[in-house]
Amino acid sequence: MKKVKFYFVFSLIVVFLSVIGILLGMVLVTIEQKHPEYLSAGIFKGIIIFFMALLVTVCVHELAHAIAFKLQRIDIRMIAIFPICLIREKEGLKFHIAVSMEIGFGGIVIPEIPTISNQTEYESFQGKMRVSLVSAPLCSAFIGLISLILVLCTTKYIGNDFCSYYFLFFSAVFLWSVYINLTSMLDLGSIVGDYSAVKKIKDNNGYALLQIYNYFLLQENEKKFEMRENQRYFMGKLYEAGNNLSLDKEDNSINVLLINAVLYESLMRKNRDNTEIINFDTELWKRNMHNILNRLQFEAYFQTFSHAVICMHYNGKSEEARELWEKYKDKMPCTNVGKYNCKQVELCLCGENIEELKEKENIKISSLDSLLSNINNYYDDEIYLNKLIIGEIAL
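Residues numbered from 1 in each chain as written. Predicted model: local features only at pLDDT ≥ 70, side-chain atom pairs only at ≥ 80, totals over all residues. Heavy atoms only, no water.

Let's talk about the overall build of the chain
Item 1. Tallying secondary structure elements over the chain gives 15 helices and 6 strands in all.
Item 2. Buried positions account for 47% of the 395 residues belonging to the chain.
Item 3. Across the chain, the fraction of contacts at a sequence separation of at least 24, relative to all contacts at a separation of at least 6, is 68%.
Item 4. Total accessible area on the chain is roughly 20,400 Å²; 61% of this is exposed by carbon and sulfur atoms. (Helix = DSSP H or I, 4+ residues; strand = E, 2+ residues; numbered from the N terminus. Buried < 20%, exposed > 50% of the residue type's maximum accessible area, 1.4 Å probe, protein only. Contact = heavy atoms within 4.5 Å. Areas by Shrake-Rupley, 256 points an atom, 1.4 Å probe, with all protein chains shown as cover.)

Thoughts on empty space enclosed by the protein
Item 1. All told, the structure shown has 1 cavity of 30 Å³ or more when counted by the stated rule.
Item 2. Considering only enclosed or pocket space, the largest cavity measures out at about 90 Å³ in volume.
Item 3. If you trace the largest cavity, you find it lined by G242, N243, L245, I259, V262, L263, I278, N279, T282, L284, W285 and N288.
Item 4. Put simply, the parts of the chain that give the lining of the largest cavity at least two residues each are helix 8 (232-244), helix 9 (253-268) and helix 10 (283-293). (1 Å grid on protein atoms, 1.4 Å probe; cavity = no way out; pocket = protein on both sides within 12 Å on 5 of 7 lines; lining within 4 Å. Points joined across faces, edges and corners; volume = space filled by probe spheres on them.)

Focus on the pairing of strand 2 (residues 84-89)
On any regular strand, side chains alternate: one points to one face of the sheet, the next to the other face.
Item 1. Burial along strand 2 is one-sided: C85, I87 and E89 are buried, and none of I84, L86 and R88, which face the opposite way, are.
Item 2. As judged from the 4 bridges shared by strand 1 (residues 76-81) and strand 2, these two strands associate in the antiparallel manner. From the neighbouring strand, I79 faces strand 2, where its bridge partner is L86.
Item 3. Pairing of strand 2 with strand 3 (residues 92-97) involves 6 bridges; the strand directions are antiparallel. Looking across to strand 3, one finds that L86 is bridged to F95.
Item 4. A loop of 2 residues connects strand 2 with strand 3, the two strands running antiparallel in sequence. (Pairing = 2+ DSSP bridges.)

Examining the pattern of salt bridges
Item 1. Inspection of the entire model under this criterion finds 7 salt bridges.
Item 2. For R88, the salt bridge goes to E112, with nearest N and O atoms at 3.5 Å. Of this pair, R88 sits in strand 2 while E112 sits in the loop between strand 4 (107-111) and helix 3 (119-154), and the two are 24 residues apart along the sequence.
Item 3. Between D203 and K199 there is a salt bridge, with its nearest N and O atoms 3.0 Å apart. Pair noted here: D203 and K199 are both in helix 5 (residues 194-203), with a separation of 4 residues, about one helical turn. With respect to burial, D203 and K199 carry one shared label: exposed. (Salt bridge = Lys/Arg side-chain N within 4 Å of Asp/Glu carboxyl O.)

Below, the structure is given as structure tokens:
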């Protein structure tokens, strides 16, 4: 059903873009006939203007996210607007020039997570997330409307030297604004637009938890480790959700990531007593593991499997963990991420790869050329986890 939905929506998008392309071509032909001066900039300059309009539209969109958070008294941890990224660290702001497949020519805003010690504070932060999410596409729609008005009502008053640049720039801003608002309505598993995310955060507790957890992973290291020890309410909600989720459905993109988060966080605790977090003997977990083992070709599933094996080892099920690993390790993908996860499991079970996994350059946690991984602190968690495992091997 998930594949049918994806291909149906993808086909609709292709048809829609084709229709838009044909209509746009007809409009351009008409404009060239009636107002040739509007298109006098030429193709090369037109392409440059088109991408400049994209950057301006993305900048407005991401700043709207950030301003919405700030107006609600939530500080910003990171803001990336191609090709610039600003990160708030303990010692101050850090500036990066960053190009990433993960966001392309787009951007991303990561807020700092406030203290979440009860349900009221949890729901309050959810509400602030929804406000920020809906503000950006609405702001883009407003900018697009203003651009359309400028194109239709003022282009004729612009001098011939700048007329073409003016027309092309504001026309492109309008088109990009329409595109942003349309993509904000998408809901295709892990691809969720801003408008759809607002609804999902309100209606789907698992999705809301996953979004907050993703923000959590990108907090400053000291704050993140402090939250692991002290922010028990949020962690408790995460553990509860992960222990009660099922992977029996066809679309498990959110559930498997949440289960992996629970496994991962149980490993990251300094005092590892996993019996209160993971119960590997329930029928639900056994069904979930069966579903995980049938989908090891997918990154989220083989990462979950490797973390589950390590958790089982530390949960008093070493023999069962070894047996499971020996049976299924050959099904782990031969990607860089798959190879790294194999080495991490073998570090835990067999004491291998000790020196190699102490170093950041040998850690691979995402198949994407990840902006967040390369210039932020995703790898620091893995180094910390590997050192915890190495320390326990030494004991």
